[in-house]
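Analysis of the macromolecular model
The residues making up each chain are set out below.
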Amino acid sequence: MNSHSDAKLFPQNYEDSRKRFLELTSKIPGGQTEHWQIPSKKDDALFTDSVYWPALEKPDFLLVVTSGIHGSETYAGSAILQMFLKEIMPQVDRSKTGVWLVHAMNPYGFKYHRRTTENGVNLNRNFSVSGELYKTRNLDSERMHELFFKRAPVASTRTTMMDLMQVKNGVAYFGDVSMDQFTKATAPGQFVNPQDLEYGGKQLEPQSAKLVEKLRSLMPLYKDIVALDLHTGLGDVNRLHLLTSGSGKDLHPELFGKLFDTNEDKAFYEHTPASAEGFYEVHGALNSAFADLAGPQNRVCAITMEFGTLGHSLDAQLKGLNNFVNEHIGFYNGYSSPEMKAQVEKECFERSYPQNDEWRTAVVAASRGLFKAIGRRASIFKS
Ligand SMILES: [Zn+2]
């Protein structure tokens, strides 16, 4: 497979992506397809599609790949799923192994280029199986909003927050708050106000509820479960990072040790714990549902795959944060002009989906290497 054809795996848009996924999955026998229609005020053609191929004899190992929880990140997720369906899936010995692939968790966000759902919910903060999370408050996040979040029409590509920015000894500060403190306060999520950053909702969104329901039926059938949730935007340019929550519940150390050799696989990815500078732990991540639903027989590795886009330099992080905050404010408070809106939204889109083939090729190559390596170690391929 040459790099030219890898770049072509990236779809034109949501409809094109959906068509590709459904066509490729229909060619692999035995799949159980589900189309979850996502209710919407403006669009009656939004679906999260998934296909489950059950283990045919003795279920032991379940691989789950979920894509598109953050709208524009689905372009990469779609390409990875297509590569998987063409190259990896035909190698899988399905006697003991089940596979469940989910296309476009957030079809509204994919189609309309929003990180959140139509209800303004970041789905990767929305997974609270018990519902307890929705009652919590994130006071650190509230404080950051009071200090730095200006609710007014966006008139510049530079947020007012950046006017307070100073770099001291290589660390960026807004007043006396470091960028890392700001990120670690706001990024975990909050459950109070959709107009604030990283709102996780008040209940499971329809697709979250569907996913939880499906996991409830599948997880008891298997022992080992590897779940990979596909994202873009965080980390080094053109590099795949495996993010783990650090909670321990969603990462069984024995299973992780068996399947992931971070040294041998370093050509494909690096393992980045949530505590690393510029990264963060989140509440209500999709991955946490696996931990919450695991039975005593399950060994779970639920991992976030993040492909870096802008990069992880101080400059790149500041640029990313500035645009993230600005776009969020603009969406709820408007823009000074249509040109300003277009400029901010373009930058936001490219933060999730860089428009160059070198990046596209790197995304597919790293995923291919990862799937081959873990599949081989899990002994799920035909011999
Ligand atoms: Zn994401």
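Residues numbered from 1 in each chain as written. Predicted model: local features only at pLDDT ≥ 70, side-chain atom pairs only at ≥ 80, totals over all residues. Heavy atoms only, no water.

**Let's talk about the pairing of strand β8 (residues 224-232)**
With nine of nine residues buried, β8 is to be regarded as a mostly interior element. Alternating positions in β8 separate into two faces, D224, V226, L228, L230 and T232 on one and I225, A227, D229 and H231 on the other, with burial throughout. As defined by bridge partners, strand β3 (residues 61-67) adjoins β8 across seven bridges and the pair is classed as parallel. In the sheet register, L63 faces β8, and the bridge partner there is V226. Sheet analysis places β8 next to strand β11 (residues 299-307), joined by nine bridges and oriented parallel. Within the sheet, the bridge partner assigned to L228 lies in β11 and is I303. (Buried < 20%, exposed > 50% of the residue type's maximum accessible area, 1.4 Å probe, protein only. Helix = DSSP H or I, 4+ residues; strand = E, 2+ residues; numbered from the N terminus. Pairing = 2+ DSSP bridges.)

**Considering the coordination of the zinc ion**
Listed as protein donors to the zinc ion are H70 (ND1), E73 (OE), E73 (OE) and H231 (ND1); their distances from the metal cover 2.1 to 2.7 Å. Every donor counted, the four donor atoms about the zinc ion form angles of 52 to 149° at the centre, which fits irregular coordination. Sequence positions of the residues that donate to the zinc ion give the spacing H-x2-E-x157-H. When sorted by exposure, H70 lands in the same class as E73, which is buried. (Donors = N, O, S within 2.8 Å, 3.2 Å for Na, K, Ca; no water. Tetrahedral: all angles 85-135°; square planar, octahedral: opposite > 155°, others 65-115°.)

**With respect to the domain arrangement of the protein**
Annotation of the protein at the domain level lists domain 1 (3-132 + 202-309 + 353-377) and domain 2 (139-187 + 315-339). Taken together, the contacts link 12 residues of domain 1 with nine residues of domain 2. Approximately 820 Å² of surface area, both sides summed, lies buried where domain 1 meets domain 2, with 47% of it carried by carbon and sulfur atoms. If you sort the residues of domain 1 by the area they bury against domain 2, R114, E277 and Y280 come out on top, with a joint share of 54%. Linking domain 1 with domain 2 are one salt bridge. E327 serves as the salt-bridge partner of R114, at 2.4 Å between the closest nitrogen and oxygen. Linking domain 1 with domain 2 are two residue pairs in polar contact (both at pLDDT 80 or more). Taken together, the residues of the side of domain 1 that touches domain 2 break down into five nonpolar, three polar and four charged. (Domains from an automatic or database assignment. Contact = heavy atoms within 4.5 Å. Buried area = accessible area lost by both parts, 1.4 Å probe. Salt bridge = Lys/Arg side-chain N within 4 Å of Asp/Glu carboxyl O. Polar contact = N/O pair within 3.5 Å; in protein donor to acceptor, adjacent residues only side chain to side chain. Nonpolar A, V, L, I, M, F, W, Y, C, P; charged D, E, K, R; others polar.)

**Regarding helix α10 (residues 286-293)**
For α10, a buried count of seven out of eight residues is recorded, marking the element as mostly surrounded by other parts of the structure. For α10, the set of buried residues is L286, N287, S288, A289, F290, A291 and L293. Buried residues along α10 sit in contact with β3, α8 (206-218), β8 and β11.

**Focus on the side chain of S78**
Within the fold, S78 resides in helix α3 (residues 74-88). For S78, a relative accessible area of 2% corresponds to the buried category. Excluding residues that lie within four positions of it along the chain, S78 makes contacts with L9, P11 and S17.

**Topic: the sheet that holds strand β7 (residues 177-178)**
Pairing between the strands of a sheet is mediated by backbone hydrogen bonds and can be parallel or antiparallel. Pairing is antiparallel across the open sheet formed by three strands, whose spatial order is β5-β6-β7. Single-partner strands in this sheet number two, and they are β5 (165-168) and β7. In the sheet, strand β6 (residues 171-174) pairs with β7 via two bridges, with the strands oriented antiparallel. What sits directly across from F174, in β7, is V177. Against the sheet, helix α11 (residues 314-333) engages β5 and β6, with an angle of about 30° to β6. (Axes fitted to C-alpha atoms, helices over the stretch in contact; angles between N-to-C directions.)

**Details of unusual backbone geometry**
One non-glycine residue, E198, lies in positive phi territory at about 55°. Here E198 shows up in the loop between α7 (179-186) and α8. The backbone of N238 shows a phi angle near 60°, a positive value even though the residue is not glycine. Along the chain, the position of N238 falls in the loop between β8 and β9 (240-244). Given the relative accessible area of 27%, N238 is considered partly exposed.

**Focus on the environment of S379**
Inspection of the secondary structure assignment puts S379 in the segment after α13 (357-377). Residue S379 is classed as exposed on the basis of its relative accessible area, which comes to 52%. Separated by 283 residues in the primary sequence, S379 and K96 place their C-alpha atoms 10.0 Å from one another.

**Considering the packing of aromatic side chains**
Following the criterion strictly, the structure yields 18 aromatic pairs and no others. Look at Y75 and F110: their rings are 4.9 Å apart centre to centre, the planes differ by 85°, and that puts the pair in the edge-to-face class. Here the residue Y75 occupies a position in helix α3, and F110 occupies one in helix α4 (residues 107-112), the gap between them amounting to 35 residues. Through successive ring pairs, a cluster of aromatic residues spans F10, Y14, Y75, F110, F349, Y353 and W359. Over the ring of Y173 we find K168, and its NZ or CZ is 4.6 Å from the ring centre. (Phe/Tyr/Trp six-rings, centres within 6.5 Å; stacked < 30°, edge-to-face > 60°. Lys NZ or Arg CZ within 6 Å of the ring centre and 35° of its normal.)

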